[in-house]
Every structure is written in structure tokens, then in C-alpha cells.
Amino acid sequence: MDAVARTDEAQILEAALLSGTHVLLEGPPGTGKSTLLRQVAREREIPFVLVEGNSELTPARLIGHFDPALVLDRGYVAEIFEDGPLLDAMRRGGLLYVEELNRIPEETLNVLLAAMSEKEIAVPRLGRIVAAAGFGLVAAMNPFDTVGTARVSSALYDRTCRISMGYQSAEAERDIVSLHAPGIDASWRNKVVALVRASREHDALEWGSSVRGAIDIARIAVELARLRGVAVNDWHVGLAAAKVSLSGRIRLHDSAGRSPEDVVLEMYERVFGPEPAQNAADPDPEASPEGTLSPSTPTGSPQPTHSPHARDRPRGERTTGRSDLARNPRFAELSPEVGVLDQDALNSALAEHADETLTLIVEMSLATDDALRSQVRRLAPRLILEQTRRGLPKSSGIARRRIRRAVDGGDIDLDRSMDRVLGARAEGRSPRLDELLVSDWARPELALCLVIDRSGSMNGARLTTAAVAAAACASLTPREHAVITFAAHVGVLKPMNERRPASETVASILSLRGHGTTSLSAALDEAHSQLGKAGARRKVTLLLSDCRATEESGAVAAALGLQELIILAPGDDVEAARQLARAAGGTWAPVDTVLDVPRLLNRLMADDRV
């Protein structure tokens, strides 16, 4: 099947391959990258070798290997070498198509770079392999996916021509759905396509669904309607098909605070209309649509509301009026009138003065202005996460293999161990474990426990700093980090062994208010307990406090029980933190501005970061 509405891209791709250029196809999933390449390969009648990029694509799997059993009998001879996909494509003069290029390990990328540059490769014990005429590499990747991916080096971009493939037009996507799910009413099919395209522009979504989502909705709806004995365009059938097809394909912003199913329902109602009224001839006395009064609801009772922010201010919570917020000269720019948050002004302020703007945003989250407060509380966690990540190094997100002796356990690396096996055989004995080499995946190297002091004035810059620190921990060690708060009592906002979106943790911190005395030793004991649940080798307690313990004097003893302690103290109140760090063998640094935290973590943990 040919790629729909991709004539220009097909011609450009064919021209690039005919010129001997390697090609990188960039675009979100479902834009026809694989289909396009198969079409060009078929038309040119050249071999096509597909390899899926992932963290387990080692150089040996890409290049090939000697059969270990035959090596023992015949030694290293070319006849027993089993070609991997790279050598297969090179020998046959075919196209090597690497999917998900940004998911493969760096050492494997280096092998590809050599083959691309020289059109040949040197294989240990096999010799030099020269590519036959017609060999070329085409790689594909989704540049928007940041989970489990690595940044592609400039060296690879320099050796390829890049073809960007965005989503096709609505008409083209309707044609694609028709090809894969024929016989469906055109009007209903068009709404399905409109629903999927709406997901790519929704404010709560980081990215939406590809046309594959529309295809699956159509196919599932056909079968579900048959099972239920209703029409394909039944409202409830379509909703069920949409939820199961789209909820796993869309990616919510960290600050969305909603489930994928909720967003799908919202989009579905916009495109297909609200749920049809229940048939009056068959009433369900127990059913009462959300947001309406049931027969048993007293007339004077408050009705439920669909707004998730109608009660986002806890009863008795102190708020800040516009006149107080206006003491900050930037407030008038960000909120020129009641209920308004100027997004353009906010973006400009973040670009020019990120520290001050984040602090102002946190203060605005307590605005008396209900509409403004709701907008800010939706935005604040995402803004904090985005600004924090900019100050941290990009993590590859890809596990790396490490080579160790077999006595330490792991999967035997036959290729690296073969010489030792042959040597032992020549001596008439079996190889010892300490002679063999194994490979395994490196486990996480860093676990963090953030301990936040909420006993003092927990608002403004200090509150923002705590939120930034939590965002930094979630970015540096997404799998192994915990967040603790303490005043007179200790609370665990995010346990070590619990998966939770970073935005939820940040939002919880933004709701903290300072009060009470400090129980620092109890907080450090809890940090020790949380880190004990982590599997990482390095376990760091990150204490955000002025370290003025008011209720006891056991903080030093508790700190001495930690593997590593880093104290970040307010820039204007550091003496107690300095003394505790010195007594406990920890390190400390002053925090002068809210975005000092990412920079300080870069410096204080640079020697051993994952």
C-alpha cells in the first residue's frame, strides 16, 4: 500500500537515495515514514532490511556474530559468521531502515556512523566488509518523544539529509481511514478523523494521536456495534471505541491533573455532541446525569458542578488580593484585569526574568480572584517543571550495558569470552568463572530524598524554591526519589516506591503553608527509611532548610546515619546549615534565587550523576 498524500516526500527520498545520501525521517508516529520507505524500496526493486531501534540493539546484534558452537570446532572462519542487519544490507546493496533511531545505545550509533561515512566496516576476526553499490541508511525517529530516548549527535545529522514529515491533511487522513476501515458511513468517519486531529491541539495534551487512532476507533466501533446489536454510529459505541483507542496514544502535560479518559470524553462531546437524552419510554430511576438533580435530591441542596476548579480553594485558606499582588511591578503585565492571565506577557517575563516570574506565579496561586487563581494553579506545576529541566543536563534515558567478570553474575558475553574459552580448551580444561565475561544492564546509580522544611514562612520565594527542588529530583531520578516535608511532624508527600506524576508532587508542595516548630531529626530519620527502599548505589538526602531545629538536638546524630547529605539553605540564613553540614560530613550551599537549585545540583552531584 502506497503512502497517501506523500508524493513530494517520496520524490525527495528517492532523489536522496539515488544520489548516495543517507536519510533521516523525522516526525510523530503514524505519519507514514515506514510506508513511504517501503514504497520507494519496492519501486526501485532493492533489498530492504528493517531493524527496530531499542536499548538492546548492541553493536554485535547490528553487525552479526560468529556461531559460538562452531567456533569451538572450526575456529574463527568467515563461513560461520552470521550476518546482522547492517552487514546483510551492506553485502546485498540494500537499504538498512532503522526505526526509533534515538532509542539505540551510543556505542551502536558509532558503528552506524562508521558504515555511513566509509561505506565499509572492519569486523574483528572477520575482516573488512565493503558495502555493495546501492547500500544506504534510512533512519526514522520521533523527535518529540523524550521517554527512553537520547539526543542524536550532530555527527549523525551531518551525515544525513533530514526529511520532516508532519501530519497529513484532514482529507488525506479520511482517505487513510477509508483504506483501512472500508464501508463506514462517510459522515461518521469524518467525525472520527476530526476527533483524532483535535487531540493534537488540546491544551492539556503534550501530543495527540496519529491517524492510527482513527483507524482503530473505526475498526473497534464496527465490531462493538455488531456485538451490541446497534448501529456503528451509536454514541456510546463511538465513545467506548474512542477511549480504548486514544487513551494510551495521547500524552498529558505533567500539569494536566486529569485522566486521559476525561480528556477523550471532553473532545468526543465537542465533536459528536453531548450524550443523547435517555429514552423516556425506558427510564432508569437510579440514573442521574452528573451535574443534575436526582429525584431524591432536596430542592435546596447545592448541585454538583463539572468545573474541577470550582472548589480549588480550601475553606479558610488565606488568599491574596489584587492590590497586594500589584506590589510586584510585573503583576499588572501578567494580569491586566480581573480574571485575566496574559499568556504572551507570561512567556516574555519567563524569558527575561524566570526566577522572579516563577515566584510571582506561585504568589498568584493564592489570588482572591477565583478565575485568575484557577488559571495559575493549572499552569504553575508545568511552568516550574519546564524551567527546572532547562537548568539540568539532558539524560539519555537509555540503560547501558556493562561488562563484568562472570563471578559477579549476569549473562555470559560469548563474543568477548571466546578467546578465553579457546585458551582453556587448548590447555585441556574448562574455563573458570573468573576468566569469562558477562554483560548486564546498569541499574540506577542515584536515588534522592528531598526533605523540605515547612516550619517557617513557607510562601513566596521559599515555596517556589521547594517546588523547583522537587521538580529537579523528579527530573534527575524519575524512578527513585522521595519527597518529605516536616515541621513539628513529618509528612511523606511522595514515597520512594510510589509512581506519581511530577506535576502532582509539585502541586502538593505549592499548597504547603509554613507553621509550627521543627522536628529535623525525625525528618532525617524518615529520609534514611525512604532511601533504604531504593536500589541505587548512591543515596543522597537533599535538605532544604535553615536547619534551625527548635524542639531537640538530635539532628547531627540523625544526619550521621545518612550516606550523603546536601543542604540547601536560604541565602540570608546559612550559619546553622553550615554547622550541621560540617558536623555530619555533608555539603551545603546557599540558595539566593529559586532557579539556583538546578545549577547547585549540577555542581554538587556532578561527580557521580546517572
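In this text the structure is predicted, and so the values were computed from the model without any measurement.

An order of S17-S16-S15-S18-S19-S20 is seen for the six strands of this open sheet, with the pairing classed as mixed. Unpaired on one side and paired on the other, strand S17 (490–494) and strand S20 (587–591) mark the two borders of the sheet. Neighbour to neighbour, the strand axes of the sheet diverge by 20 degrees on average, direction disregarded. Inspection of the sheet shows strand S15 (residues 446–453) paired to strand S18 (residues 538–544) by seven bridges, in the parallel sense. Bridge pairing links Cys449 to Thr541 in S18. Packed onto the sheet, helix H24 (residues 596–604) meets S18, strand S19 (564–570) and S20 and runs at close to 155 degrees relative to S20.

With that settled, consider the environment of Ser247. Within the secondary structure, Ser247 sits in the loop between helix H11 (235–246) and strand S11 (251–252). For Ser247, a relative accessible area of 18% corresponds to the buried category. Residues Ser247 and Asp262, spaced 15 residues apart in sequence, show a C-alpha to C-alpha distance of 9.1 Å. In this structure the side chain of Ser247 is engaged in a polar contact, spanning 2.7 Å, whose partner is the backbone oxygen of Lys243.

With that settled, the discussion passes to the packing of aromatic side chains. Under the criterion given, the structure shown has five aromatic pairs. Consider the rings of Phe66 and Tyr76, whose centres lie 5.0 Å apart with planes at 80 degrees: the pair is edge-to-face. Placement of the pair is Phe66 in strand S3 (residues 64–66) and Tyr76 in the loop between helix H4 (68–74) and strand S4 (81–83), with a sequence separation of ten residues. Of the residues examined, Phe66 reaches a relative accessible area of 7% and is grouped as buried. Residue Tyr76 is classed as partly exposed on the basis of its relative accessible area of 21%. An aromatic cluster is defined as three or more aromatic residues linked by ring pairs; in this entry it consists of Phe66, Tyr76 and Phe81. In this structure, Arg125 is placed above the aromatic ring of Tyr76, and the distance from its NZ or CZ to the ring centre is 4.4 Å.

Moving on to the environment of Leu437. Mapped onto the fold, Leu437 is located in strand S14 (residues 437–441). The exposure class assigned to Leu437 is buried, which follows from its relative accessible area of 16%. Through-space distance from the C-alpha of Leu437 to that of Asp413 is 5.7 Å; in sequence the pair is 24 residues apart.

Whenever strands of a sheet pair, they do so through backbone hydrogen bonds, lying parallel or antiparallel. Spatial strand order, S2-S5-S8-S1-S9: five strands in an open sheet with parallel pairing. What marks the edges here is a single partner per strand, and that holds for strand S2 (48–52) and strand S9 (160–164). This sheet shows a mean twist of 20 degrees between the axes of neighbouring strands, independent of strand direction. Summarising the sheet, strand S1 (residues 22–26) and strand S8 (residues 136–141) pair through four bridges and their orientation is parallel. From the neighbouring strand, Leu25 faces S8, where its bridge partner is Ala140. Across the sheet, helix H2 (residues 33–44) lies against S1, S2, strand S5 (95–99) and S8, angled at about 175 degrees from S5, the strand it touches most.

Turning to the nonpolar core, a few remarks are in order. Met364, Ile384, Ile509 and Leu568 are the most contacted members of the largest nonpolar core, which has 58 residues in total. If you tally residues by element for this core, the top one is helix H19 (residues 460–476), at eleven residues. Judged by nonpolar contacts, the second largest core, of 38 residues, contains Leu57, Leu86, Met90 and Leu113.

Next up on the list: the pairing of strand S7 (residues 127–130). As judged from the four bridges shared by strand S6 (residues 120–123) and S7, these two strands associate in the antiparallel manner. Each residue of the ladder has a partner; that of Glu120, found in S7, is Val130. Connecting S6 to the antiparallel partner S7 that follows it, the hairpin turn spans three residues, and Arg125 within it adopts a positive phi of roughly 70 degrees.

Rules used throughout
- Residues numbered from 1 in each chain as written.
- Predicted model: local features only at pLDDT ≥ 70, side-chain atom pairs only at ≥ 80, totals over all residues.
- Heavy atoms only, no water.
- Pairing = 2+ DSSP bridges.
- Helix = DSSP H or I, 4+ residues; strand = E, 2+ residues; numbered from the N terminus.
- Axes fitted to C-alpha atoms, helices over the stretch in contact; angles between N-to-C directions.
- Contact = heavy atoms within 4.5 Å.
- Buried < 20%, exposed > 50% of the residue type's maximum accessible area, 1.4 Å probe, protein only.
- Polar contact = N/O pair within 3.5 Å; in protein donor to acceptor, adjacent residues only side chain to side chain.
- Phe/Tyr/Trp six-rings, centres within 6.5 Å; stacked < 30°, edge-to-face > 60°.
- Lys NZ or Arg CZ within 6 Å of the ring centre and 35° of its normal.
- Core = buried A, V, L, I, M, F, W, Y, C linked by side-chain atoms within 4.5 Å.

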